[in-house]
Amino acid sequence: MKKILAFLLAALMVVGLFAGCAPANNDETTEAPDSTTAPQGGDETTEPPAPSADDIPDEMTSSDGKYQIAFVTDVGQLKDKSFNQGTYDGVKLYAAEAGKSYKYYQPAGGNEATDDDRYDAMKLAADNGAEVVVCAGFMQEKALAKAAEEFPDVKFVFIDGWAMGRTNVAGINFQEEQCGYLAGYAAVKEGYTKLGFSGGGGGTNAACNRYGYGFVQGADAAAKELGVKVEMNYSWLYGSSFSASNELQTMAAGWYQTGTEVIFACGGAMFQSISAAASAEDGAVIGVDVDQSFESPTVITSAMKGIGEAAMQALKAAETEESWNAFIGDGTTSITLGAKDNAVGLPTATWSLEGWSVEEYEAMLADIVAGKITIDGADVPEPESTDNVTVNIIK
C-alpha cells in the first residue's frame, strides 16, 4: 500500500492536475459528460482532457438524499485557496472517479467553531449516509474521537492529524519541515536576506510549527553557502484563526515598509492579507500547502504538501476492508508522508526563481530523500537564531 501511495503522490505532484471522471449519474442528477469524440482519422480517437477539481461542482444533489463521501472543513472558508480547498479537491476528484456522491460540511460558528460544532458536522455527515468522513485540521481531534466511537462502521480520515488507536481512523500527517526548508533555501538563493514568517494557529499547530522551523533551517543553509547574513521577522500574531484580517495586513505592510522582502504566509486564508500587503508595498510572498502562484503575482514559490492526494489515497483504501487495514495497520501508527513519498516540495510547473534552478532543486530534494541533508522536524513554535539567521520573534 505504501508503494501505491508513493506512486500516486509522485504522479500527481509532478503533473499538478488530477486525472478523474465526472461524477457518475447513478448518484446525482447531473449526467457525466461524454468521454470521447469522433475519430480524427485512422483508428484513433481523441478524448477531452480529464477534468481538474475546478471542473467538478463543490455541491451536488444525490438522487437518494444520501452522500457517501463527506468532508468536514477546518476553520476558514471552503474556498480558502489553501488547506481546505486543497483537501476538498482531492475528495471531489476521488468521488468523481469512483462515481460516489459527496458533500462538504462546515461546522457552525465559523472561525469560532467549538468541538461540539465539529462533532455535530461529523454526526450530520454520518446520519446522511457517509461511508467515509475526511476531516481537515488538527483542531478536529476531540470531535473526531467522539464521532469515531459513536459511528464505528464509518471510516474517518484525519488530514494533518495522527493515529488515535482506532481501526476506523486514518491519521495522516506530513514532514512540513522539508518543504519549509526548501522554501527558505530558495528565498535566500534568490537574493533575499530580509525574510518574514507569519504562521497560523497561534503557535499551537504542529504542522505550521514544522513549516516555520524548516524555513529557518533552509534559510540558514543557503546563507552559510553564500556567506551572507539573514534577518527574519517571525510571528504568530493575528493568525490563530487562520483568517484574513485588517490587523494582519497592517502588520505585514509594516514589515515590508521596514525592509522585509519576502514573507512566508503559512496559514490558509492569512495569505489574502499578506499578499494584499505585498502588492501594495512591492513585496514578495511564499505560499503554503498548494501552489498559490495562481492567486497573486507576488508569489515567488510555495511550500506544498500533497493534502488532496493523501485524501484520495485514503478514500481509495477505504473501498475494501482489506485495503483499509493495510493502509492504517492497527490504528496506533500515524501515516507520515514526506519527500520520500513525493508528498512535499516546491512547484516546478510554475517555477519563476532565477537564483536557483529546477535542476538544483531536484538534486537537493534527492539528497533529502537519501538522507544526505537532515532537517529537524521538531515541533518548535519559536526557533532560535542561528549563526547565519537572526530570528526576531514578534509578539
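See the structure above.
Residues numbered from 1 in each chain as written. Predicted model: local features only at pLDDT ≥ 70, side-chain atom pairs only at ≥ 80, totals over all residues. Heavy atoms only, no water.

Undergrad: Quick question: what am I supposed to make of the pattern of salt bridges here?
TA: Where side chains of opposite charge bring their charged atoms close, a pairing between them can arise. Following the criterion strictly, the structure yields 15 salt bridges and no others. Note that Arg 210 is salt-bridged to Glu 176, the shortest N-O span being 2.8 Å. Pair noted here: Arg 210 is in helix α6 (residues 206-226) and Glu 176 is in helix α5 (residues 176-189), with a separation of 34 residues, a long-range link. Summarising the burial analysis for this pair, Arg 210 and Glu 176 share the class buried. (Salt bridge = Lys/Arg side-chain N within 4 Å of Asp/Glu carboxyl O. Helix = DSSP H or I, 4+ residues; strand = E, 2+ residues; numbered from the N terminus. Buried < 20%, exposed > 50% of the residue type's maximum accessible area, 1.4 Å probe, protein only.)

Undergrad: Quick question: what am I supposed to make of the nonpolar core here?
TA: Side chains of nonpolar character tend, in soluble globular proteins, to be buried together. Ranked by size, the top nonpolar core spans 48 residues in total, and within it Leu 195, Phe 264 and Trp 356 carry the most contacts. Here this core takes 8 residues from α5, the largest share from any one element. Residues contacting Phe 264, with those up to four places away along its chain left out, are Gly 196, Phe 197, Ser 198, Tyr 211, Phe 215, Ile 286, Gly 287, Val 288 and Ala 303. Core analysis: the next-biggest nonpolar cluster, separate from the first, contains 38 residues, Phe 71, Met 312, Ala 317 and Ala 318 among them. (Core = buried A, V, L, I, M, F, W, Y, C linked by side-chain atoms within 4.5 Å. Contact = heavy atoms within 4.5 Å.)

Undergrad: Looking at this structure, I do not really get unusual backbone geometry. What am I missing?
TA: A negative phi holds for most residues other than glycine; trans holds for most peptide bonds. One non-glycine residue, Tyr 238, adopts positive backbone phi at about 65°. For Tyr 238, the location among the structural elements is in the loop between β7 (230-235) and α7 (246-257). A residue is classified by how much of its surface remains accessible, and Tyr 238, at 40% relative accessible area, is partly exposed.

Undergrad: I'm lost on helix α3 (residues 115-127) in this one. Help?
TA: Given 3.6 residues per turn, any residue in an α-helix points the same way as the ones three and four places further on. Here α3 is 13 residues long and its end C-alpha atoms lie 18 Å apart, about the 18 Å a rise of 1.5 Å per residue gives. Within α3 the residues assigned to the buried category are Asp 117, Arg 118, Tyr 119, Ala 121, Met 122, Ala 125 and Ala 126. Just downstream of α3, Gly 129 is the residue with a positive phi angle, here 100°. (Expected span 1.5 Å × (residues − 1).)

Undergrad: Teacher, can you tell me more about the pairing of strand β2 (residues 102-105) here?
TA: Along any regular strand, the residues point their side chains to alternate faces of the sheet. With 4 bridges connecting them, strand β1 (residues 69-72) and β2 associate as parallel partners. Following the sheet pairing, Ala 70 is matched in β2 by Lys 103. Once the chain exits β1 it traverses helix α2 (residues 83-98) before rejoining the sheet at β2, and the crossover so formed is right-handed. (Pairing = 2+ DSSP bridges. Right-handed = clockwise from strand over helix to strand, strands pointing away.)

Undergrad: How do you make sense of the sheet that holds strand β8 (residues 262-266) when you look at a structure like this?
TA: Backbone-to-backbone hydrogen bonds join strands into a sheet, with any given pair of strands oriented parallel or antiparallel. Within the open sheet, the 7 strands sit side by side as β12-β10-β9-β8-β6-β7-β13. Their pairing is mixed. Across the chains shown, the open sheet's two edge strands, defined by having one partner strand only, are β12 (344-345) and β13 (389-394). Relative to β13, β7 is paired through 6 bridges, and the arrangement is parallel. Following the sheet pairing, Asn 233 is matched in β13 by Asn 392. Of the strands in this sheet, β6 (194-199), β8, β9 (284-289) and β10 (299-305) are in contact with helix α8 (residues 270-281), which crosses β9 at around 165°. (Axes fitted to C-alpha atoms, helices over the stretch in contact; angles between N-to-C directions.)

Undergrad: Explanation requested: the pairing of β7 in the structure shown.
TA: Here β7 lies mainly inside the structure; 5 of its 6 residues are buried. Looking at chain direction, β6 and β7 are connected through 5 bridges and run parallel. Looking at the pairing, Leu 195 lines up with Met 232 of β7. Handedness of the crossover is the feature at issue here: the chain leaves β6, passes through α6, returns alongside β7, and the resulting connection is right-handed.

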